[in-house]
Amino acid sequence: MTETMPATPETMIDMIKVSKRYPPNVTALTDVSLSVPKGELLFLTGMSGAGKTTLLKLIANMERPTSGLVEVSGRNIHKLKGKKLALQRRKIGMAYQDFKLLTEQTVAQNIAIAMEVAYRSPQNIRVAVRDLLGQLDLSDKHNSLTGDLSRGEQQRVALARAVANDPELLLIDEPTGNLDTTTTVRVMDLLRRHHLAGATLIIATHDQSIYQGSQHRTLEMTKGHLSILHEGARA
Amino acid sequence: MNFCFAIFRQLGRNLKQTWTAQLMTLITVSLSVLIFSFFYLIYCNMLTAGGRLDNDLRLLVYLEEEPGPEMREQLIRKINDFEKVEQVIFISPEEALARFETQLGDNSDLLADMPHDFLPPSMEITPLKNLRSLHQISLLADYLDSLPGATKVQYGREWVERFYTFTRLLSIIVILSGVLLVLTATLMVSYTIRLTILGREDEIEVLKLVGATNGYIRTPFLLEGVLQGFMGSALGLGALYLLFQWTLTHFAGPSILAIFSLTFIPMPVLGIIIGTAMTLLGIASHVSMRRSLRI
Ligand SMILES: Nc1ncnc2c1ncn2[C@@H]1O[C@H](COP(=O)(O)OP(=O)(O)OP(=O)(O)O)[C@@H](O)[C@H]1O
Ligand SMILES: [Mg+2]
């Protein structure tokens, strides 16, 4: 498609012919190309094992592609090292499917950690943590050990940590897998607010109720290949 | 500002999490420093004492009979021909007795019944200040012994030799205990740092994922080593100082220690010991970190 746009929107993510093979011979992604403009909200769906998590991990620089190029904000992120890499990671918030929470620390500490590494002031962090917990209906869990929480609660803590620094790119892996309808709405509201504030979001999910009927672009992964399920009304 | 705050918060958490190991390390480091500085302190005082001993060094040559004025001239010339000396004093039996009496002090009445010339005549030779090595002294002593009329040469040779051997031995002990100090302290610090890192692998992974810089992750561990170095050496030296003061008050007065007039390790050396401990343990934690912390 050759559309001529009056002003090309800035690109957040550019993936060109990216393949990922895990040792010994699991092919998770095959020649995936994807371009995400700044500010888009994108849904990623597909069967279990299709490669959704792998795609997000490549964008977050947790895994390296076997071949192909991954650029975020115009920079090849797999060439970043040291301080530049750390700064890049602070601009990306990822909520992991397996949460990656510190189970022996409190909920507040788990959320604060992302803001601490960004050297935000302690009062600032305290206020932000309370605010996030309120938005996710977890206010009473402030001092609970994260390991004692239910899966659904842990999922929301992981989400709170991901959005804590108001990152420009949010990668959310299965945000509502363990949640009831009311809480799902709450979580989606939070994500939508970040989207409206200008963040770019990729949400990987099995949950049809989230993306069906939305006007956002929705992509489907099938055995490592990417296809468009729904073009969406791109902004 | 917030960087420092974050670093110290992290350091505090590390210390809290592994405080038993930290305490063990602290004790080990202070003990090592205590042992090392203890020997060093003795060594220093031996050296000062040795210097004083050197200044007092005299060779005493006992003579068959009291030399006449001409003979004295000859002897002085011969001695100076062999080796230039500071001065030569001739001591008559009466003078020798008088000296002995003063040395005996209150007990001098023991000598009342002795004949006035029961001590042999002698000459006392003070070597030049630059003639200090044991070898040179013993050469001079041999020469003096061969002089006609000399019966015996005395300079506390045994004593001086023992003293030198002892100082040399002590310097070896100082070096050995220094090596021991370095080894145990660095091993202990590397070990506790490893322990801390292993106990916090999950957290370190998360820290990396949310964008902590290497400095943010590493500096607390580095500070931990430096802090152990500072606290450990300060405690060890403090303990040594207390021990030193205790010795002074309990063994003051007329005793062997009095002739040494003990001094504590001088301030600059204390600074060097503390500084070295801090640098060393900082390096130890850095190395240990490089090994167990893949960043
Ligand atoms: N670290 C790994 N080592 C080896 N194989 C892996 C690894 N991570 C993922 N895989 C494999 O890669 C493929 C894609 O996995 P991925 O986690 O990306 O799927 P997914 O779409 O996120 O699945 P789900 O919906 O169940 O979360 C799977 O076959 C998986 O077994
Ligand atoms: Mg997945």
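Since this is a predicted model, take the numbers as computed values, not measurements.

Asks: Break down the interface of chain B and chain A for me, with residues and values.
Replies: Each partner contributes to the interface: chain B provides 19 residues, whereas chain A provides 19 residues. Of the roughly 1,700 Å² buried where chain B meets chain A, counting both sides, 62% is carbon and sulfur surface. Taken together, the connections running from chain B to chain A amount to two salt bridges. One salt bridge connects Glu116(A) with Arg9(B), and the closest N-O pair in it is separated by 3.7 Å. Inspection of the chain B/chain A interface yields five residue pairs in polar contact (both at pLDDT 80 or more). The set of elements that each furnish at least two residues to the side of chain B that touches chain A consists of α1 (2–17), α7 (201–209) and α8 (214–250) of chain B. Residue composition of the side of chain B that touches chain A, by class: nine nonpolar, four polar and six charged.

Asks: With reference to specific residues and values, describe the coordination of the magnesium ion (ligand 2).
Replies: All names here are of chain A. Only Thr-53 (OG1) and Gln-97 (OE1) from the protein reach the magnesium ion (ligand 2) as donors, at distances of 1.8 to 2.1 Å. Of the two residues, Thr-53 sits in helix α1 (residues 52–59) while Gln-97 sits in the loop between β6 (92–95) and α3 (107–116), which places them 44 residues apart along the sequence. Residue classification places Thr-53 among the partly exposed residues on the basis of a relative accessible area of 22%.

Asks: How would you summarise the packing of aromatic side chains if you had to cite specific residues and measurements?
Replies: Throughout the structure, instances matching the rule amount to seven aromatic pairs over all chains. Arranged with centres 5.8 Å apart and planes meeting at 50 degrees, the rings of Tyr119(A) and Tyr216(B) form a pair that is tilted. Taken together, the residues Tyr119(A) in the loop between α3 and α4 (122–135) and Tyr216(B) in helix α8 connect one chain to another. Ring centres of Phe36(B) and Tyr40(B) lie 6.2 Å apart, and the angle between their planes is 15 degrees; on these two criteria the pair is classed as stacked. Separated by four residues within a single helix, Phe36(B) and Tyr40(B) lie in helix α2 (residues 19–55), roughly one turn from each other. An aromatic cluster of three or more residues is present, and its members are Tyr241(B), Phe244(B) and Phe264(B). Taking NZ or CZ as reference, Lys100(A) lies 5.7 Å from the ring centre of Tyr96(A), over its face.

Asks: Lay out the sheet that holds strand β3 (residues 122–127) of chain B with the relevant residues and their values.
Replies: Backbone-to-backbone hydrogen bonds join strands into a sheet, with any given pair of strands oriented parallel or antiparallel. All names here are of chain B. In space, the four strands of this open sheet follow the order β2-β3-β1-β4, with antiparallel pairing throughout. Of all the strands in the sheet, the pair left with one neighbour each is β2 (85–91) and β4 (150–154). Pairwise comparison of adjacent strand axes, ignoring direction, gives a mean angle of 20 degrees for this sheet. Of the pairings in the sheet, the one linking β2 to β3 comprises six bridges and is antiparallel in character. Across the sheet, Phe-90 pairs through a bridge with Met-123, a residue of β3. Sitting on the sheet, helix α3 (residues 69–82) touches β2 and β3, and the angle it makes with β2 is about 150 degrees. Taken strand by strand, helix α4 (residues 93–104) contacts β2 and β3, and its axis lies near 100 degrees from that of β2.

Asks: Tell me about the sheet that holds strand β1 (residues 11–22) of chain A, and please be specific about residues and values.
Replies: All names here are of chain A. Taken together, four strands build an open sheet; the order of strands is β2-β1-β4-β5 and the sheet is antiparallel. The open sheet terminates on both sides in strands that have one partner only, identified here as β2 (26–37) and β5 (75–76). Pairing of β1 with β2, which is carried by eight bridges, proceeds in the antiparallel orientation. Pairing of Tyr-22 across the sheet is with Val-26, part of β2. In the packing of α1 onto the sheet, contacts are made with β1, β2 and β4 (67–72), and the angle to β1 comes to roughly 120 degrees.

Asks: So, the site of ligand 1: which residues are in play, and what are the values?
Replies: Residues and elements named next belong to chain A. The local shell around ligand 1 holds 13 residues, among which Ser-48, Lys-52, Thr-53, Thr-54 and Gln-97 are the closest. Residue Thr-53 places a side-chain N or O atom 2.6 Å away from an oxygen atom belonging to ligand 1. Its free accessible area being 630 Å², ligand 1 has 65% of it covered by the protein chains. Only β2 and α1 provide two or more residues apiece to the shell around ligand 1. In terms of residue count, the dominant contributor to the shell around ligand 1 is α1 (three residues).

Asks: Summarise the packing of α3(A) against helix α5 (residues 151–163) of chain A; cite the residues concerned and give the values.
Replies: All names here are of chain A. Where α3 meets α5, the closest approach of the two axes is 7 Å, and the angle between their N-to-C directions is 25 degrees. By the angle between their axes, α3 is roughly parallel relative to α5. Crossing angle aside, the handedness with which α3 passes α5 is right-handed. From α3, Val-107, Asn-110, Ile-111, Ile-113 and Ala-114 reach across to α5, where they touch Val-157, Ala-160 and Arg-161. Taken together, the residues of the contact of α3 with α5 sort by class into six nonpolar, one polar and one charged.

Asks: Please provide a residue-by-residue account of a negative patch on the surface, values included.
Replies: Residues Glu104(A), Glu201(B), Asp202(B) and Glu205(B) make up a contiguous surface patch of negative charge. Among the secondary structure elements, Glu205(B) is positioned in helix α7. The class for Glu205(B) is partly exposed, based on a relative accessible area of 37%.

Asks: Give me the lowdown on a nonpolar patch on the surface, citing residues and values where you can.
Replies: Residue and element names in this part refer to chain B. On the surface, Trp-19, Leu-23, Ile-27 and Leu-31 cluster together into a nonpolar patch covering about 410 Å² of accessible area. With respect to the helices and strands, the residue Trp-19 is situated in helix α2. Judged by its relative accessible area of 53%, Trp-19 is exposed.

Asks: Give a detailed account of the domain arrangement of chain B, specifying residues and quantitative values.
Replies: Here chain B is partitioned into domain 1 (2–53 + 171–292) and domain 2 (58–154). Its C-alpha centre places domain 1 of chain B at a distance of 53 Å from the equivalent point of domain 2 of chain B.

Asks: Requested: an account of the environment of Leu149(A), with residues and values cited.
Replies: Residue and element names in this part refer to chain A. With respect to the element layout, Leu-149 can be found in the loop between α4 and α5. Distance in space between the C-alpha atoms of Leu-149 and Leu-34 is 36 Å, their sequence separation being 115 residues. Setting aside anything within four residues of it in sequence, one finds Leu-149 in contact with Val-107, Lys-141, Ser-144, Gln-154 and Val-157.

What counts and how
Residues numbered from 1 in each chain as written. Chains lettered and ligands numbered in written order. Predicted model: local features only at pLDDT ≥ 70, side-chain atom pairs only at ≥ 80, totals over all residues. Heavy atoms only, no water. Contact = heavy atoms within 4.5 Å. Buried area = accessible area lost by both parts, 1.4 Å probe. Salt bridge = Lys/Arg side-chain N within 4 Å of Asp/Glu carboxyl O. Polar contact = N/O pair within 3.5 Å; in protein donor to acceptor, adjacent residues only side chain to side chain. Helix = DSSP H or I, 4+ residues; strand = E, 2+ residues; numbered from the N terminus. Nonpolar A, V, L, I, M, F, W, Y, C, P; charged D, E, K, R; others polar. Donors = N, O, S within 2.8 Å, 3.2 Å for Na, K, Ca; no water. Buried < 20%, exposed > 50% of the residue type's maximum accessible area, 1.4 Å probe, protein only. Phe/Tyr/Trp six-rings, centres within 6.5 Å; stacked < 30°, edge-to-face > 60°. Lys NZ or Arg CZ within 6 Å of the ring centre and 35° of its normal. Pairing = 2+ DSSP bridges. Axes fitted to C-alpha atoms, helices over the stretch in contact; angles between N-to-C directions. Near = heavy atom within 4 Å. Areas by Shrake-Rupley, 256 points an atom, 1.4 Å probe, with all protein chains shown as cover. Parallel < 35°, antiparallel > 145°, perpendicular 65-115°, else oblique. Left-handed = near helix turned anticlockwise from the far one by under 90°. Patch = residues over 30% accessible without salt bridge, like charges linked within 9 Å, V, L, I, M, F, W, Y side chains within 5 Å. Lys, Arg positive; Asp, Glu negative; His and termini not counted. Charge placed at Lys NZ, Arg CZ, Asp CG, Glu CD. Domains from an automatic or database assignment.

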